[in-house]
Amino acid sequence: MNYGRELLKGNTDSLLLCLISRQPTYGYQIVKELQKRSNGYFQFKEGTLYPALHRLERDNLITGKWQILPNGQQRRYYYITERGQQVLARRLATWQDFSTAVKSVIQPETT
Amino acid sequence: MVSNISHYLNRFKASLKIDHTIRDGVAEELYTHLEDRTQELEDKGLSREEASKIAVQSLGSPELIAEQIYETHAQGSWKEAIFSALPHLLVALLFTSYYWQNIVYASIILALTVGIAIYGWHRGKPIWLFPWLGYYLLPVVVSGILLLSLPQGWGWIAAFIYIPLALFVFIHIMRQTARRDWLYASLMIAPMLVTFTWFSSLGKGNELLASDWAARLQTNALWIVISFIALAAATIAFIRLKQRRYKIISLLIPPLVILFAVITASGGNICPWGWLLLLFALSAFSIPLWMQARAYE
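Keep in mind the model is a prediction, meaning the values are calculated, not measured. Position numbers for residues start from 1 in each chain and track the written sequence from start to end. Whichever chain is written first becomes A and whichever ligand is written first becomes 1, with later ones labelled in order. Owing to the predicted nature of the model, reporting of local features is limited to residues with pLDDT of at least 70; listing and counting of side-chain atom pairs is limited to 80 or more, with chain, interface and lining totals taken over all residues.

Think of it this way: any DSSP run of H or I at least four residues long counts as a helix, any run of E at least two long counts as a strand, and we number them from the N terminus. Along its length, chain B carries 13 helices and 0 strands. Secondary structure elements of chain B occur, N-terminal to C-terminal, as α-α-α-α-α-α-α-α-α-α-α-α-α. With respect to the principal axes defined by its C-alpha atoms, chain B has extents near 85 × 40 × 35 Å. Exposed residues have 12 or fewer other C-beta atoms within 10 Å of their own C-beta, buried residues have 20 or more, and residues in between are partly exposed; the C-beta atoms are placed from the backbone. Looking at the 297 residues of chain B, the share that counts as buried comes to 36%. The contacts of chain B with a sequence gap of at least 6 include a subset with a gap of at least 24, amounting to 70%. Whether two residues are in contact is decided by their C-beta atoms, placed from the backbone, lying within 7 Å.

What follows concerns the overall build of chain A. Along its length, chain A carries 4 helices and 2 strands. Along chain A, from the amino end to the carboxyl end, the secondary structure elements read α-α-α-β-β-α. Reported as C-alpha extents along the three principal axes, the dimensions of chain A are approximately 65 × 30 × 25 Å. In chain A, of all internal contacts separated by at least 6 residues, the share reaching a separation of at least 24 is 49%.

Let's shift gears to the interface of chain B and chain A. Across the contact, 15 residues belong to chain B and 15 residues belong to chain A. Elements supplying a minimum of two residues to the side of chain B that touches chain A: helix H2 (20-43), helix H3 (48-59) and helix H4 (62-74) of chain B. Looking at the side of chain B that touches chain A element by element, the count peaks at 8 residues for H2 of chain B.

Here the focus is unusual backbone geometry. Residue and element names in this part refer to chain A. The residue Asn-60 is not glycine, and still its phi comes out positive at about 65 degrees. Mapped onto the fold, Asn-60 is located in the loop between helix H3 (49-58) and strand S1 (62-68). Residue classification places Asn-60 among the exposed residues on the basis of 12 C-beta atoms within 10 Å.

Residue and element names in this part refer to chain B. Expected helix span is given by 1.5 Å per residue-to-residue step, counting one fewer step than there are residues. The first and last C-alpha atoms of helix H9 (residues 182-199) sit 25 Å apart over 18 residues, in line with the 26 Å expected at 1.5 Å per residue. Of all the bends found along H9, the most pronounced is centred on Ile-189 and spans about 35 degrees, while Pro-191, a proline, follows it within four residues. Most of H9 sits out of view: 18 of its 18 residues are buried. A residue's bend is the angle separating two fitted axes: one through the seven residues that end there, the other through the seven that start there.

A separate point is the nonpolar core. Membership of the largest hydrophobic core comes to 53 residues, with the highest contact counts inside it found for Leu-133, Leu-187, Ile-189, Met-192, Leu-193 and Ala-281 of chain B. Counting only elements with at least two residues in this core, the list comes to helix H5 (78-96), helix H7 (129-148), H9, helix H11 (221-240), helix H12 (244-266) and helix H13 (272-296) of chain B. Looking at which element gives the most residues to this core, the answer is H9 of chain B, with 14 residues. When near neighbours in sequence (up to four residues on either side) are disregarded, Ile-189 of chain B contacts Gly-134, Ala-284, Phe-285 and Pro-288 of chain B. A set of buried residues qualifies as a nonpolar core if it consists of Ala, Val, Leu, Ile, Met, Phe, Trp, Tyr and Cys joined through C-beta atoms within 7 Å. One finds Leu-49 and Tyr-50 of chain A together with Tyr-8 and Val-56 of chain B within the second-largest nonpolar core, a separate group that totals 32 residues.

For the rest of this paragraph, the subject is the pairing of S1 of chain A. A pair of strands is considered paired only if DSSP assigns at least 2 bridges between the two. Bridging between S1 of chain A and strand S2 (residues 74-80) of chain A involves 7 bridges; their strand directions are antiparallel. Its bridge partner lying in S2 of chain A, Gly-64 of chain A is registered against Tyr-78 of chain A.

Turning to the domain arrangement of chain B, a few remarks are in order. Residue and element names in this part refer to chain B. The start and end points of each domain follow an automatic or database-based domain assignment. Once the domains are mapped, chain B shows domain 1 (4-71) and domain 2 (76-296). Between the C-alpha centres of domain 1 and domain 2 the distance comes to 40 Å. Each partner contributes to the interface: domain 1 provides 4 residues, whereas domain 2 provides 5 residues. Looking at the side of domain 1 that touches domain 2, its residues break down into 1 nonpolar, no polar and 3 charged. Amino acids are sorted into nonpolar (Ala, Val, Leu, Ile, Met, Phe, Trp, Tyr, Cys and Pro), charged (Asp, Glu, Lys and Arg) and polar (every other residue, Gly among them).

Moving on: the packing of H3 of chain A against H4 of chain B. Lines fitted to C-alpha atoms define the axes, with helix axes restricted to the stretch in contact, and inter-axis angles between N-to-C directions lie between 0 and 180 degrees. H4 of chain B packs onto H3 of chain A with a crossing angle of 5 degrees between their chain directions and a minimal axis gap of 9 Å. Compared by their axis directions, H3 of chain A and H4 of chain B come out roughly parallel. Each of Tyr-50, Pro-51, His-54, Arg-55 and Arg-58 of chain A in H3 of chain A lies in contact with H4 of chain B, whose residues at this interface are Ile-65, Gln-68, Ile-69 and Thr-72 of chain B. Among the residues making up the contact of H3 of chain A with H4 of chain B, the classes are represented as 4 nonpolar, 3 polar and 2 charged. Throughout, the term roughly parallel applies to angles under 35 degrees, roughly antiparallel to angles over 145, roughly perpendicular to angles from 65 to 115, and oblique to all others.

This part takes up H2 of chain B. The terminal C-alpha atoms of H2 of chain B lie 34 Å apart, and with 24 residues this matches the ideal 34 Å at 1.5 Å per residue to within 8%. Those residues of H2 of chain B that sit buried are Arg-23, Val-26, Glu-29, Leu-30, His-33, Leu-34, Arg-37 and Thr-38 of chain B. Residues of H2 of chain B that are buried in the fold lie against helix H2 (27-37), H3 and S2 of chain A together with helix H1 (4-15), H3 and H4 of chain B. Gly-45 of chain B sits one or two positions beyond H2 of chain B and adopts a positive phi of about 110 degrees.

Confidence per residue, as judged by the predictor, is encoded in pLDDT with a range of 0 to 100. A residue-level look at chain B finds 91% of positions with pLDDT of 70 or above and a mean pLDDT of 83. Per-element averaging of pLDDT across chain B places H13 of chain B at the bottom with 71 and H3 of chain B at the top with 93.

Attention shifts here to the environment of Ser-15 of chain B. Residues and elements named next belong to chain B. Here Ser-15 lies in helix H1. Judged by the 18 C-beta atoms lying within 10 Å of it, Ser-15 is partly exposed. Considering only alpha carbons, one finds Ser-15 and Ile-65, 50 residues apart in sequence, at a separation of 9.2 Å. Ignoring sequence-local partners within four residues, the contact set of Ser-15 consists of Pro-62, Glu-63 and Ala-66.

Next comes the structure, spelled out in structure tokens:
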């Protein structure tokens, strides 16, 4: 089992909520943004993003709206909902606590 | 020649058995994703053919995406699950309380069922609709069977006028439902399976209905209630389960319970007409499941 992949799988929803909370965005932009911000650390099959987005939408954490671009192409932009913002805030707080606790355990003790 | 992107999207759509408006929406999202990626690679100097090939590879297996999208949309809420099971529970209530013999109560439930089925049909066919639709179709089919037993002459009129009309309605609804999902067709037919299986135990000799059919029905009321409750439980499981294979298993359990109940209650004493009805009910229920199994091949 790839530990990094498992960690990503467990935190996909929080990462997506975080990106969508910054600005309304669409699937392909999310993939590019994740790769850019993680310096290419997050590598995954891009198609797995869409089931995750639809799951978040089903749970009323985000909402998708079609927009027609000047060239006539349609894009589905995702917006965070109020419930999504509340869930994200709780998850970020939990993550901060968890991250601090992990760091405290793995750091060598200073005497 | 079919492009890489079209081929990919066709595979995706063929694998995803959900409401076509949702399916087409996700396919459109995947299409814009693939176009964006292809364009980006073309700007880097790749040919359209090479760029689209890499784009579809980056997206991953269309069948896997379809399966995951299905799991997201195919699971109904608890509210939907209970509403789907409600018609089975109402019929069970009719039998527990002897109300099935009361024309007023039976008519109220019939009118309610027809109203809800028509409402759901014109409101985008939500997941809870199909059991209601099954009860809506039930009187249509039962009336045809009963008309055949009219005195000589009248029976033929029924066969030439009513039955073709009823079959047209039945096939139309069945086709529309199966286009959405073959499993929903089985879910819709389930009330007929129970009714006809019980109907099959009410004959005597060559008669479809023995003279004491009502008394026999009341004697077996407890088994009938168990049959409808088994169906209600299977319906709740079907709506709540995410994975398709488990949904299929949940649909296979009620026929076994009902067959066991009918054979136990009637002591295996089923008239030839009854066996024919039983065969019809079982085939009508199994054909959609069989079509589903073929679709997997």
